[in-house]
Amino acid sequence: MPRHAVPAADVIAAARAGDRGALEELSSRTLPLVYNVAARAHPYRDDVDDIVQETMMRVLRGIGGLERPEAFRSWVITITVNEVRDHIRRRGRRETTGAAFDAAEHRPDPAADFAEGVILDLRLSGQREESVRATRWLDEDDRELLSLWWLETAGRLARAELASALDMTGHQAAVRVQRMKERLHTSRVIVRALAARPACGELTRLTLDWNGAPSGLWRKRLGRHVRQCPRCVRHEEDMLAPEGLLASLALLPVPAALLAWRPWLSAGTHAAAAGQAGTTATSGSGGSATAGTAGTAGTAGASLTAKAVVAASALLAVGGGVLVYAAPWPSPSARPATAPTASGRPAPAPSPTASASASASPSRPTPVLGSAVSRPSPRPRYGSVVDTVDSAPPPDRPPAALPHRPQTTVTMTGLKRHLDGYQLVHRGDTAVLRGKGYFTVHWDVMYGLRPGLLTMPSWTGLRGRLFHVASGGGHRMDDRQPGATAGGTWMGNRQQGLIILPPGAQQMWQNEYYYLDGSVTLHLNETRADYNLDVLPSTWQETADDIASRPAPHSADRERYGLVRDTGRDDAPVPQYTTRSTPTEAGTVPQRSVVS
């Protein structure tokens, strides 16, 4: 049982009736837990107090609907976690638009400052300091889980409460914790390897284009190196188990200003608690649940319209992480509520569905045998042609000439800058493209981390025209990877696992080239298999040069010439998973494009 135990049932019962003394005792017991979860699970320090206040308002206004006192702590943690997500989502939307995004790029990284402050304030050194720095390399979901697992390790939280707060079974939570610990271990090795002097030459080469900000993507890339490099792998020697490092770190003290100003104990809160006995909170469609009724003031009572992907950043001691932006998840799965819940954890996204009866070939008139009348061919109709499953051309076959379409500029907006474009790393990441010209989507499948069925990316909200003009990069992703074991391709191998495409999906090449005249949004729909997309501007010349480069037998990348798909007319193929609509869940866009 955690050292901070569940408040007594009679205290909860009195609080449900609106008793001021009981509400104050409940608040005093709950505030440190709420503050510690929020502080570790949110990357912006200036939002933490607001999150705590709104969480406490929801807790005390919704206490009237709590039927099982033993569910109190997990309910409180669930509300706190969802308040964190909602704040990240709202702040992310503000900072990824126009000038606000550009300004955000030049601001100091609040997470980095937070991490360094923790290390200095708590005088951390050695492996504790390494562990604090390592948490900044974790993905959003892992940082959220880490913030709760730390409380469990420190004896402040039970495993059942952790699992309930994240809407998991105990077994699911155990699996998630184990995988998170493995990624934390890899991150600790990376921290050591980067700090080592003299530095590993190959590691230095790999980080030449790294901007110095830890991220999940770079953890994946550098993790492969430190696991395989005989020099770097030695850095994992003598590492202590993270449990031993975590347990001795103290809880964060609640700021005096937050303790002194507690508006959630107003008279209105007492009345709300007394008037809501027997009620439970419900989730809005695709949104986070509200632990109360319409009487909740301001943002605390707003029913959100979309589920946010967790962009939590937790440090072992205080909390931190890199600047991360939120993006929409699918609608939440239904959860049986025995108490007011703010859970709304997202259901697994459905696999993209294909219409087995829909033909992917262009509609053409069937010639009438023996007819003496010559009928004119109809003009090609845009969108009547979509990609079908095709086989790779011979490696030494040069591509056809690439038609030259008029081009000006294609501008891009996204969450994570990469070179001159943007990088899509996590489910829900998007890139919005506008203009007239060429661009490329570079594929990086992470079969060594999470193999399995790949949920293809999709294009939504198309305005204008979008063509799939060429494929290049020197290889298809199902080509044999030079130096790989038998059966090993760019989609994986038997030892590390395989990335599998859904039925009917077009096999991608390393570089896929497109031409846009209008605007469209590209979505990364990652579910089971792990993959990343780099969306970069291109030109007709750059596209033509890539696909026309001859195969290089001794190169690690170039296995074949590229392939031209553009006919120069409206019957050129459009990308699969393209639609003019903007569905709530982009992963449900059908394989047969609907753009006409």
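Look up a bit, the structure's there.
Within each chain, residue numbers correspond to sequence positions counted from 1 in written order. In keeping with the predicted nature of the model, local features appear solely for residues at pLDDT of at least 70, side-chain atom pairs appear and are counted solely at 80 or more, and the whole-chain, interface and lining totals rest on all residues. With hydrogens and water stripped out, all remaining heavy atoms of the structure feed into the side-chain values.

K.L.:
Give me the lowdown on the pairing of strand E8 (residues 458-476), citing residues and values where you can.
P.N.:
Where burial is concerned, most of E8 is hidden: 16 out of the 19 residues are buried. In this sheet, strand E11 (residues 509-523) lies alongside E8 in antiparallel orientation, the contact comprising 13 bridges. Directly across from Arg465, in E11, lies its bridge partner Asp517. Using a 1.4 Å probe on the protein chains alone, a residue whose accessible area is under 20% of its type maximum counts as buried, one over 50% counts as exposed, and one in between counts as partly exposed. Only DSSP runs of H or I with at least four residues qualify as helices, and only runs of E with at least two residues qualify as strands; both kinds are numbered from the N terminus onward. At least two bridges found by DSSP between two strands is the condition for calling them paired.

K.L.:
Pulling in residues and values, what's your account of the sheet that holds strand E7 (residues 452-453)?
P.N.:
Spatially, E7-E10-E9 is the arrangement adopted by the three strands of the open sheet, whose pairing is mixed. Of all the strands in the sheet, the pair left with one neighbour each is E7 and strand E9 (492-493). Alignment of E9 against strand E10 (residues 497-500), held across two bridges, turns out to be antiparallel. Each residue of the ladder has a partner; that of Gly492, found in E10, is Leu498.

K.L.:
Explain the packing of aromatic side chains to me, using residue names and the numbers behind them.
P.N.:
Here a Phe, Tyr or Trp ring, Trp counted by its six-membered ring, pairs with any other such ring whose centre lies within 6.5 Å, and the pair is stacked when the planes are under 30 degrees apart, edge-to-face when over 60, and tilted otherwise. Scanning all chains against the criterion turns up nine aromatic pairs. Considering the side-chain rings of Trp443 and Tyr531, the 5.3 Å spacing of their centres and the 20 degrees angle between planes classify their relative orientation as stacked. On the criterion of sequence distance, the pair formed by Trp443 in strand E6 (residues 430-445) and Tyr531 in strand E12 (residues 531-537) is long-range, its members being 88 residues apart. Taken as a pair, Trp443 and Tyr531 share a single burial class, namely buried. Through pairs of rings, three or more aromatic residues link up here, namely Trp137, Trp210 and Trp218. Sitting above the plane of the Trp218 ring, Arg221 keeps its charged end 5.2 Å from the centroid. We call a charge positioned over a ring when the NZ of a Lys or the CZ of an Arg lies within 6 Å of the ring centre and within 35 degrees of the ring normal.

K.L.:
Tell me what's going on with the pattern of salt bridges, and back it up with residues and numbers.
P.N.:
Any Lys or Arg side-chain nitrogen located within 4 Å of an Asp or Glu carboxyl oxygen qualifies as a salt bridge. The full count for this structure, using the stated rule, is 20 salt bridges. Put simply, Arg221 and Asp444 hold a salt bridge, and the shortest N to O gap is 4.0 Å. In this pair, Arg221 is assigned in helix H12 (residues 216-228) and Asp444 in strand E6, connecting sequence segments 223 residues apart. For Glu526, the salt bridge is made with Arg450, and the minimal N-O distance between the two is 3.0 Å. Here Glu526, found in the loop between E11 and E12, pairs with Arg450, found in the loop between E6 and E7; they are 76 residues apart in sequence, far enough to count as distant. Exposure remark for Arg450: the relative accessible area of 32% places this residue in the partly exposed category. One salt-bridge network, held together by shared partners, links Asp390, Arg476, Asp478 and Arg565.

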